[in-house]
Amino acid sequence: MSLSNGRTYLAIPGPSVMPDRVLQAMHSAAPNIYEGDLVETTRTIVTDLKAVARTKGQVAMYIGNGHAAWEASLANTLQAGDKILALVTGHFGEGWAAMATALGVTVDTLEFDSRSDIDLAQVTAALSDDKTHSYKAVIAVHVDTSTSALNDISGLRQALDAAGHPALLMVDCIASLAVDRFEMDAWGVDVMVAASQKGLMTPPGMSFVFFSDKAAEVRKSLPLVSNYWDWTKRSEPDVFYQYWCGTAPTHHIFGLRTALDMIVHEEGIEAAWARQATLAKAVWAAFEAWSTTGGVQLNIADPSKRSNAVTMLRTKAPHGTQLRQWVEQNAGVTLGIGVGMAALDDPEWHGFFRVGHMGHVNAHMVLGTLATIEAGMKAVGIPHNPGGVAAAVNVISQV
Ligand SMILES: *Cc1c(COP(=O)(O)O)cnc(C)c1O
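As the structure is a prediction and not an experimental result, all values here were calculated from the model.

1. What about the overall build of the protein chain?
A tally of helices and strands in the protein chain yields 13 helices and 14 strands. For 399 residues, the compact-globule estimate of 2.2 N^0.38 gives 21 Å, and the C-alpha radius of gyration of the protein chain, at 21 Å, lies within 12% of that figure. Considered along the principal axes of its C-alpha atoms, the protein chain spans approximately 60 × 55 × 40 Å. Considering the protein chain as a whole, with its 399 residues, one finds that 57% of them fall into the buried category.

2. So, the domain arrangement of the protein chain
Entries for the protein chain in the domain assignment read domain 1 (9-16 + 268-397) and domain 2 (31-265). Relative to domain 2, the C-alpha centre of domain 1 lies at a distance of 28 Å. The interface of domain 1 with domain 2 comprises 30 residues on the first partner and 29 residues on the second. Summed over both partners, the interface of domain 1 with domain 2 comes to about 2,500 Å²; 56% of that surface belongs to carbon and sulfur atoms. Area buried by domain 1 at its contact with domain 2 is led by I269, W273 and K305, which between them contribute 24% of it. Joining domain 1 to domain 2, the criterion identifies 3 salt bridges. Salt-bridge contacts for R54 lead to E270; the nearest nitrogen and oxygen are separated by 2.7 Å. Put simply, domain 1 and domain 2 have 16 residue pairs in polar contact (both at pLDDT 80 or more) between them. Looking at the side of domain 1 that touches domain 2, the elements that each hand over two or more residues are α10 (269-290) and β12 (310-314). Sort the elements by how many residues they give to the side of domain 1 that touches domain 2 and α10 lands first, with 5 residues.

3. Comments concerning the site of the ligand
If you check the shell around the ligand, you find 13 residues, and the closest are H67, T145, D172, Q197 and K198. The side chain of N65 places a nitrogen or oxygen atom 3.4 Å from an oxygen atom of the ligand. One of the side-chain N or O atoms of Q197 is found 2.7 Å from an oxygen atom in the ligand. Computed on the free molecule, the ligand has an accessible area of 380 Å², of which 90% lies beneath the protein chains in the complex.

4. With respect to the packing of α10 against helix α13 (residues 388-397)
The N-to-C vectors of α10 and α13 enclose an angle of 155°; their axes lie 7 Å apart at closest approach. The pairing of α10 with α13 is recorded here as roughly antiparallel in orientation. By crossing handedness, the relation of α10 to α13 is classed as right-handed. Contact residues: T278, L279, K281, A282, A285, A286, A289 and W290 in α10; G388, V389, A391, A392, V395 and I396 in α13. Broken down by class, the residue content of the contact of α10 with α13 amounts to 11 nonpolar, 2 polar and 1 charged.

5. Comments concerning the pattern of salt bridges
If the charged atoms of two oppositely charged side chains come close together, the side chains can form a pair. With the rule as written, the count across this model stands at 19 salt bridges. Where R157 meets D161, a salt bridge forms, and the shortest distance between an N and an O atom there is 3.0 Å. On the criterion of helical spacing, the pair formed by R157 and D161 is a turn pair, its members being 4 residues apart in helix α6 (residues 153-162). R157 gets classed as buried once you look at its relative accessible area, which sits at 13%. Linked through salt bridges whose partners overlap, the residues forming this network are R54, R181, E183 and E270.

6. Some details on the sheet that holds strand β14 (residues 352-356)
Pairing within the open sheet is mixed, and its 5 strands lie in the order β1-β13-β14-β12-β11. At either margin of the open sheet sits one strand with a lone partner, and together these are β1 (9-11) and β11 (297-298). Relative to β14, β12 is paired through 5 bridges, and the arrangement is antiparallel. Among the inter-strand pairings, M312 is bridged to a residue of β14, identified as R354. The sheet contacts of helix α12 (residues 363-380) involve β1, β13 (333-337) and β14, and relative to β13 the element is tilted by about 80°.

The rules behind the values
- Residues numbered from 1 in each chain as written.
- Predicted model: local features only at pLDDT ≥ 70, side-chain atom pairs only at ≥ 80, totals over all residues.
- Heavy atoms only, no water.
- Helix = DSSP H or I, 4+ residues; strand = E, 2+ residues; numbered from the N terminus.
- Rg over C-alpha atoms; globule rule 2.2 N^0.38 Å.
- Buried < 20%, exposed > 50% of the residue type's maximum accessible area, 1.4 Å probe, protein only.
- Domains from an automatic or database assignment.
- Contact = heavy atoms within 4.5 Å.
- Buried area = accessible area lost by both parts, 1.4 Å probe.
- Salt bridge = Lys/Arg side-chain N within 4 Å of Asp/Glu carboxyl O.
- Polar contact = N/O pair within 3.5 Å; in protein donor to acceptor, adjacent residues only side chain to side chain.
- Near = heavy atom within 4 Å.
- Areas by Shrake-Rupley, 256 points an atom, 1.4 Å probe, with all protein chains shown as cover.
- Axes fitted to C-alpha atoms, helices over the stretch in contact; angles between N-to-C directions.
- Parallel < 35°, antiparallel > 145°, perpendicular 65-115°, else oblique.
- Left-handed = near helix turned anticlockwise from the far one by under 90°.
- Nonpolar A, V, L, I, M, F, W, Y, C, P; charged D, E, K, R; others polar.
- Pairing = 2+ DSSP bridges.

Structure below.
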């Protein structure tokens, strides 16, 4: 017998759960793309995206996924032969760096353990060693979705300043925007990339590059920028189609408008961050209670270095895959796979799973997911201590 009939639940770290209101907003007739509501709505989206990113800088929007924003951010700041410093804490940091390499950029990499965040002392040392200021940019991921580590972006700005280094600070907030606190201007970030399908609760297919005045100057100094990726007209268009370098993503605009209403104008970004933090605490409390050696364990031991968007778990292979299959087939819950923790053909790959808790998530969704995981661990035979759901209930009851 399966108990999976009923509404399914996607607890992976993106794409995330879409609010019914977002879907309903997209269920509408094709609009005029030359004038009228769509043009005005797009202007309000720009304003609200900047509010979510906490910036007075600019934003360029792309019809593409997070990888598109990665490419756009590099195309507007670097050229072949330039050099950057990549701070890699997992699969996604690696991916962004690989994209720079493919564009002919020389990438020096500082690689950190998959169970920890960026070590700022090593960054400071690398920047101080770069006496000729050969690095044009430092790239880092705020939350590496593969490990669920949260990096200290404000600390990175301090490291750059302490070394007197002029490199651009470029940050990937694709997993964390509107989930983990992020302050683009206050933290001195020059370029930030994000996408629609995670904390922004909208289907995959839109992405964003936010940039500071300093980054805009760097863009102006480049001799050659691909017309499609160029952020100049996308952020300050003379005519509407230039926002998109072509036809607007009409229904994504409708969906994102509603999502931003919910985040910025109804709940408020501070309240959204606080909700996400408490829900994440409930998830961690459950796994801390269940945790045993040889059973299930949180990938990031220090709670202050964990993201509120996603939690990465380690088990003994193949328990991760068995648990995912059990909860999907028997309870209608889909958990995330381990990404980048082991090669796909390595049996160890089956030891990992992730719980996404970003965006349109509330207490009953999290408690339901955790109780389902407990049932799955019992069914599959994953060793665990009792009391995980009770520990999560305790966190939720103290709100
Ligand atoms: C999801 C994600 C990406 C990739 O986004 P796509 O939309 O799949 O291209 C990049 N970086 C981080 C941190 C992510 O979470």
